[in-house]
Structures are given as C-alpha cells and as structure tokens.
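This is what each chain is made of:
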Amino acid sequence: MKYTSSSSLAIIAYAAFASNAYSVDASGAFVSSSSVCTPNRTTSPSSSASASALSSPLAASIQYEEQVLEDLDTSIRLAEEAIRLGEEAIESSNSVHQQRVDLELNFKADAAEPENLKDLLRETQSKALPFLKRPQALDGTMPGDVGFDPLGLAKNAKLLGIFREAEVKHSRLAMLAAAGWPLSELLDNKIATLLNLTPALDTMGRAPIPSSNWSANVNFESIPDIYWIGVAALASAVELLGTEKWMGKEPDYKFAGCLGFDPLGFYPKDNDPQGQKRMQTAEIKHGRTAMMAVAGYYIQEHLTGLPLIGPALSHFFS
C-alpha cells in the first residue's frame, strides 16, 4: 500500500501523540520522546512543524487547567477564612448577649432586693463609723463587734483577742464600779454607824477619787488594811485564773472572759449558740456603757465638787 508524504506524516504524528511518543519540555514545547531518549537522532523539518502544531493547544489546555486549580484552591482558602471569621463573630455575639442577659438579671435582682446595698456596706464599711472602712479583723463574728477601731489597733486576730480580753475585764470592773460608786455614797454612813466604824467618804460626802486634794479630804485610816489586802488578793486570783485559761487554751475556755462563773445559771447551754452569743453581746454592751458611766462619774464630781447623789436627790434614798 502506498501513501503520500503528507498523509504519512499526519498518521505518524497522530500515532506518536496517542502512544505518548511526544512530551512537553520545560519551555512548554512539544518534544518527541524518541528524541529525548536518543538525543543524536534528528527530526525532519516537516515532522517538527507538525509536532509544534499539536503542542500549542495542549500546553494552553494544561496551563488553563493549572490556573483553574489554583483559583479553586484560593477560593477554598477564602471560604475557610470566611467560615472561621463567621464562627468568631457568632461566638462574640453570644458572649455579648450573655453579658446583657446577666446585667438584666442583676438589675432585676437589685431592684427586687433593695437590701443588697446595705449588705455591701455592711461588708466593707464600719457599722459604728460608716464613713470609715471596716477593719479586716473585725468581721462581725465576735459578739459586740460593730467595726469600731478608728486607731487601727487590732491589726490581726491575735491582737483582737488580746484587746477583747482587756475589754471584758475593764467592762466587768466598770459595771461593779457603776453600781458601787453611787451606792457607797448613799450607804457608807449608815453602814459605818451600824458597824460602829468611821465613814470612808470625804468631807463632802463623796467616794474617794484621785484629785488634787485627794489625800486631804479622804481619811485613809478609816479603811482597814484587810480591805486592801482582800481586794488585791481577789483581783490577783481572778487575773491569774483568766490568764492561765486564756494562755493555756483550755477546752472550756470558749470565749474571752469565760471563767465559768454563772451561779444563777443565766448563761444558755451549748445547744443554743444564738442565745450564748446574745448573752455575750449583752455583757459587752453593758460593760461599755458602764465604762462611759464611770468616766462620767469622775468628771462630774471633779468639776462640781459634789457627790453623785446631790441634796436634791438624797431624800429619795434616805
């Protein structure tokens, strides 16, 4: 069978393309695989022309497909970024919404409970002096604690315990003095006459108090030595007992001044902690009032020179 030269070249070129006899080199040109494998083999001009004619559409098609794939990859990355930003926006929106809901709930709760402000002030401000911050150690758990410490002496719980011990002792002495001072001025002369003793009051009928003319007005010889010895001994015994219990942290020493002295059984039992705290609070409040009263007694007698129960009131107690 015989073919023309041009028909033969077309058939050869098609066969070579179909059997991957040609490939695209680095520059995009259509190169025969046989020439790649055998560099010394030459190709006729007419064959090269036919290969170039076939390589141009193929290279363009490959380049187009690569560009499409690159654009598709870029679109995928942009879509992923958009999804991420959308998720962040949704999360932020949910957070803002939750904050708004919390604020609305807090506002409603505050409107429904007006005592919240009082609770806040009670936690941060002194109850006795509301314009001052509450001392850290004075948290309100101790009976009679109203946050009164303007000088900041109770810096910690240990110091607070020491000051409470001293306060309880002074309170009890002041309560005895608040009652004993006026009673001594009312009853001393009568008791002295009954027992055939010399009255202990001064020339003005006042109980002995420290003053500029104390020694001149008070007859100390009328007070027996046994009285001073008894007072000193009793005070020392009570002080030693309290110090031993407090420093030793004995189990029955549950609060400041707990000496177990309750002959009438007024103090509530352990199954009534609220009653116990109420009794301790009552004692410390009465003690504080008594300390102020005794100070007032002294100032009154020192400034006026008259006994507490003056002539205008003495007939009520005669």
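Values in this document were obtained by computation on a predicted structure and should not be read as measured data.

Side note on the overall build of the protein chain
Here comes step 1: Regarding its fold elements, the protein chain presents nine helices and two strands.
Here comes step 2: Going from N to C terminus, the protein chain has its helices and strands arranged as α-β-β-α-α-α-α-α-α-α-α.
Here comes step 3: Among the 318 residues that make up the protein chain, the fraction classed as buried is 21%.
Here comes step 4: Carbon and sulfur atoms make up 64% of the accessible area of the protein chain, which amounts to about 23,400 Å² in all.

As for a nonpolar patch on the surface
Here comes step 1: Judged by side-chain polarity, Leu183, Leu187, Ile191, Leu194, Leu195 and Leu197 come together as a nonpolar surface patch covering roughly 610 Å² of accessible area.
Here comes step 2: Take leucine 183: it is sitting in helix H5 (residues 157-194).

So, helix H8 (residues 273-304)
Here comes step 1: The terminal C-alpha atoms of H8, which comprises 32 residues, lie 46 Å apart, in line with the 46 Å expected from a rise of 1.5 Å per residue.
Here comes step 2: Regarding H8, the residues found buried are Gly275, Gln276, Gln280, Thr281, Ile284, Gly287, Ala290, Val294, Tyr297 and Glu301.
Here comes step 3: Its buried side turned inward, H8 meets H5.
Here comes step 4: Immediately beyond the C-terminal end of H8, within one or two residues, lies glycine 305, with a positive phi of roughly 75 degrees.

As for the environment of lysine 133
Here comes step 1: Along the chain, the position of lysine 133 falls in the loop between helix H4 (116-124) and H5.
Here comes step 2: According to the relative accessible area criterion, lysine 133 is exposed, its value standing at 62%.
Here comes step 3: Separated by 17 residues in the primary sequence, lysine 133 and proline 150 place their C-alpha atoms 9.3 Å from one another.
Here comes step 4: Dropping the residues within four chain positions of it, lysine 133 is found in contact with Thr124, Gln125 and Ser126.

So, the confidence of the model for the protein chain
Here comes step 1: Chain-level statistics for the protein chain give a pLDDT mean of 75 and a share of 69% at 70 or above.
Here comes step 2: Confidence, read as mean pLDDT per element, is least for helix H2 (residues 33-37) in the protein chain (41) and greatest for H8 (92).
Here comes step 3: This model gives residues 1-45 a pLDDT under 50, and the stretch forms 35 contacts once residues within four places in sequence are excluded.

Concerning the packing of H5 against H8
Here comes step 1: H8 packs onto H5 with a crossing angle of 50 degrees between their chain directions and a minimal axis gap of 7 Å. Put simply, H5 runs oblique to H8. Note on packing geometry: the crossing formed by H5 with H8 is left-handed.
Here comes step 2: Its residues assigned to classes, the contact of H5 with H8 comprises 13 nonpolar, four polar and seven charged.

Focus on the side chain of arginine 164
Here comes step 1: Tracing the chain through its elements places arginine 164 in helix H5.
Here comes step 2: Given a relative accessible area of 10%, arginine 164 falls into the buried group.
Here comes step 3: Within the structure, the side chain of arginine 164 is placed 2.9 Å from the backbone oxygen of proline 143, a separation counted as a polar contact.
Here comes step 4: With sequence-adjacent residues up to four places away left out, arginine 164 is seen in contact with Met142, Pro143, Gly144, Asp145, Ala256, Ile284 and Arg288.

Here's the deal with a negative patch on the surface
Here comes step 1: Together, Glu65, Glu66, Glu70 and Asp71 make up a negatively charged patch on the protein surface.
Here comes step 2: Looking at the element boundaries, aspartate 71 is found in helix H3 (residues 45-112).
Here comes step 3: Classification of aspartate 71 by relative accessible area gives partly exposed; the value is 39%.

A few points about unusual backbone geometry
Here comes step 1: Despite not being glycine, asparagine 196 has its phi angle at roughly 60 degrees, a positive value.
Here comes step 2: Tracing the backbone through its elements, the reader meets asparagine 196 in the loop between H5 and helix H6 (214-217).

Some details on the nonpolar core
Here comes step 1: One finds Ala174, Ala178, Trp181, Ala207, Ile209, Ala290, Val294, Tyr297 and Leu308 forming the largest nonpolar core, which totals nine residues.
Here comes step 2: Counting only elements with at least two residues in this core, the list comes to H5 and H8.
Here comes step 3: Not counting chain neighbours up to four residues away, the residues in contact with alanine 290 comprise Ala174, Met175 and Ala178.

Some words on the side chain of aspartate 145
Here comes step 1: Examined against the element boundaries, aspartate 145 turns out to sit in the loop between H4 and H5.
Here comes step 2: No salt bridge is formed by the buried aspartate 145; the nearest opposite charge belongs to arginine 134, separated by 6.3 Å.
Here comes step 3: Among the polar contacts made by the side chain of aspartate 145, one reaches the main-chain amide nitrogen of aspartate 139 at a distance of 3.4 Å.
Here comes step 4: For aspartate 145, the side chain forms a polar contact with the main-chain nitrogen of glycine 147, separated by 2.9 Å.
Here comes step 5: Beyond its immediate stretch of four places on either side in the chain, aspartate 145 contacts Leu138, Asp139, Gly140 and Arg164.

A short note on the pattern of salt bridges
Any two side chains of opposite charge can pair, so long as their charged atoms come close to each other.
Here comes step 1: Scanning the model with the defined rule gives eight salt bridges in all.
Here comes step 2: Here arginine 77 ties to aspartate 73 by a salt bridge, and the two come within 2.2 Å at their closest N and O atoms. One end of the pair, arginine 77, and the other, aspartate 73, are both in helix H3, four residues apart, so they sit about a helical turn from each other.
Here comes step 3: Residue aspartate 73 is classed as partly exposed on the basis of its relative accessible area, which comes to 39%.
Here comes step 4: Linking glutamate 167 and arginine 288 is a salt bridge whose minimum nitrogen-to-oxygen distance equals 2.6 Å. Taken as a pair, glutamate 167 in helix H5 and arginine 288 in helix H8 lie far apart in primary sequence, 121 residues in all.

So, how was this worked out
Residues numbered from 1 in each chain as written. Predicted model: local features only at pLDDT ≥ 70, side-chain atom pairs only at ≥ 80, totals over all residues. Heavy atoms only, no water. Helix = DSSP H or I, 4+ residues; strand = E, 2+ residues; numbered from the N terminus. Buried < 20%, exposed > 50% of the residue type's maximum accessible area, 1.4 Å probe, protein only. Areas by Shrake-Rupley, 256 points an atom, 1.4 Å probe, with all protein chains shown as cover. Patch = residues over 30% accessible without salt bridge, like charges linked within 9 Å, V, L, I, M, F, W, Y side chains within 5 Å. Salt bridge = Lys/Arg side-chain N within 4 Å of Asp/Glu carboxyl O. Expected span 1.5 Å × (residues − 1). Contact = heavy atoms within 4.5 Å. pLDDT = per-residue confidence, 0-100. Axes fitted to C-alpha atoms, helices over the stretch in contact; angles between N-to-C directions. Parallel < 35°, antiparallel > 145°, perpendicular 65-115°, else oblique. Left-handed = near helix turned anticlockwise from the far one by under 90°. Nonpolar A, V, L, I, M, F, W, Y, C, P; charged D, E, K, R; others polar. Polar contact = N/O pair within 3.5 Å; in protein donor to acceptor, adjacent residues only side chain to side chain. Lys, Arg positive; Asp, Glu negative; His and termini not counted. Charge placed at Lys NZ, Arg CZ, Asp CG, Glu CD. Core = buried A, V, L, I, M, F, W, Y, C linked by side-chain atoms within 4.5 Å.

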